[in-house]
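Structural overview
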Amino acid sequence: MKFNTKTIHGGQKPEATTGAIMPPVFMTSTYAHSNPGEPQEYEYSRGGNPTRTALENSFAAIENGTHGFAFSSGMAAIDCVLRTLKPGDEVIAGDDLYGGTYRMFTGLFEKYGLEFTYVDMDDVSNVTHAIKEKTKLVWIETPTNPLMKIADIEAICSAVKEINDTVLIAVDNTFATPYLQRPLDLGADIVMHSATKYLGGHSDLIMGALIVKDAKLAKEVHFIQFAAGAIASPMDSFLALRGIKTLHIRMQRHCENGRAVANFLKKHPKVGVVYYPGLEDHPSYTIAKKQMKDFGGMVSFRLKDDSKEATFKFLKNTNVFTLAESLGGVESLVNHPVTMSHASIPEKERLKIGITDALIRLSVGIEDEEDILADLEYALNL
């Protein structure tokens, strides 16, 4: 199947009993056994639920994986990946990460004995030079949150595996979605999503996803998920599956509107810098064009007046763009990383990579382009 067809039919079949096209919401915690010690396909919903299975099959299909897993949140999915490691193991990660990821790395797993090295993944050699004997995982986020940096997934995977083919490579594909890039096809071992965002697409659920190809790794992930219990609920699974069925249509509009916003901001006299991989002056434009089908709906920028007062004035005066956490829904959202998504990162670390008070992040929705641009124009000119 081609991708647009996979979002609707991938891994799916009519429900066996009734022939329902959409899987029912199986609101049950347990299932009847045929005989003592002989469960049927399902035994207990922490281990598996038919609604969740339908979603997990869809996850695997759209990322070209073999096994998908639906978690209670994106952070729960990341937690599962890190639980495959042991104290003393090292993780190499990008220096521009979602604040919650950084918080988990430093606030939880450093205490449990994992070591983390942060590098600028714009240059593949920064990753390979950081590899040590105890390196067990490379964590890639691309495009990054919030500076929209691009890592060359295929080049990093090839270089790392040439040095040590046992190192796992995981890619946070939340910003891009499988509509734009599929990391497993580029050599990654694990794909992670905050399915709260584009996969769900309607700002009405919290969910995480992991997708893998290797059967042994899939067995380990399933064991950790079952043992720790961070599973997606049947209702959220139903909503996410419904969201995925329109992913390709929504992403087309997100990309169209994202390009329009980036070009508008680039030309606006009150805007200083625009961060969008679809702009030809983006440092990694060539890489983005190579590994992504399009450039997405996430845009970050700074005003020329980089004072906190000017930034806050803009943030408080948009109407189509709602000032809120999160991203990837059908509605446009505006975010202030320093006080919102990246507030958990110490100021010293934020400033090192350029996350300042003046940085604004936009999740461009699927509203009419003219309304989106008019809203930005209004807020910029007050």
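The present account deals with the structure reproduced in this document. (Residues numbered from 1 in each chain as written. Predicted model: local features only at pLDDT ≥ 70, side-chain atom pairs only at ≥ 80, totals over all residues. Heavy atoms only, no water.)

**A few points about the pairing of strand 9 (residues 208-212)**
Where burial is concerned, most of strand 9 is hidden: five out of the five residues are buried. Of the two faces of strand 9, the one carrying Gly-208, Leu-210 and Val-212 and the one carrying Ala-209 and Ile-211 are both buried. Sheet analysis places strand 3 (residues 67-71) next to strand 9, joined by five bridges and oriented antiparallel. From the neighbouring strand, Ala-70 faces strand 9, where its bridge partner is Ala-209. (Buried < 20%, exposed > 50% of the residue type's maximum accessible area, 1.4 Å probe, protein only. Helix = DSSP H or I, 4+ residues; strand = E, 2+ residues; numbered from the N terminus. Pairing = 2+ DSSP bridges.)

**Describing a negative patch on the surface**
A cluster of like negative charges, contributed by Asp-368, Glu-369, Glu-370 and Asp-371, occupies part of the molecular surface. By the element assignment, Asp-368 lies in the loop between strand 14 (359-363) and helix 14 (369-381). (Patch = residues over 30% accessible without salt bridge, like charges linked within 9 Å, V, L, I, M, F, W, Y side chains within 5 Å. Areas by Shrake-Rupley, 256 points an atom, 1.4 Å probe, with all protein chains shown as cover. Salt bridge = Lys/Arg side-chain N within 4 Å of Asp/Glu carboxyl O. Lys, Arg positive; Asp, Glu negative; His and termini not counted. Charge placed at Lys NZ, Arg CZ, Asp CG, Glu CD.)

**Notes on the packing of aromatic side chains**
The tally for this structure, following the rule as stated, stands at nine aromatic pairs. An angle of 45 degrees between the planes, with centres 5.6 Å apart, marks the rings of Tyr-102 and Tyr-118 as tilted. Here Tyr-102 is found in helix 4 (residues 99-109), whereas its partner Tyr-118 is found in strand 5 (residues 115-119), with 16 residues between them in sequence. Overall, the relative accessible area of 14% leaves Tyr-102 in the buried class. Among the residues examined, Tyr-118 registers a relative accessible area of 28% and is labelled partly exposed. Ring centres of Tyr-276 and Phe-295 lie 6.5 Å apart, and the angle between their planes is 65 degrees; this geometry places the pair in the edge-to-face category. Linking Tyr-276 in the loop between strand 10 (271-275) and helix 11 (285-291) with Phe-295 in the loop between helix 11 and strand 11 (298-303), this pair joins segments that are 19 residues apart in sequence. (Phe/Tyr/Trp six-rings, centres within 6.5 Å; stacked < 30°, edge-to-face > 60°.)

Keep in mind these numbers describe shape, not what the thing actually does.
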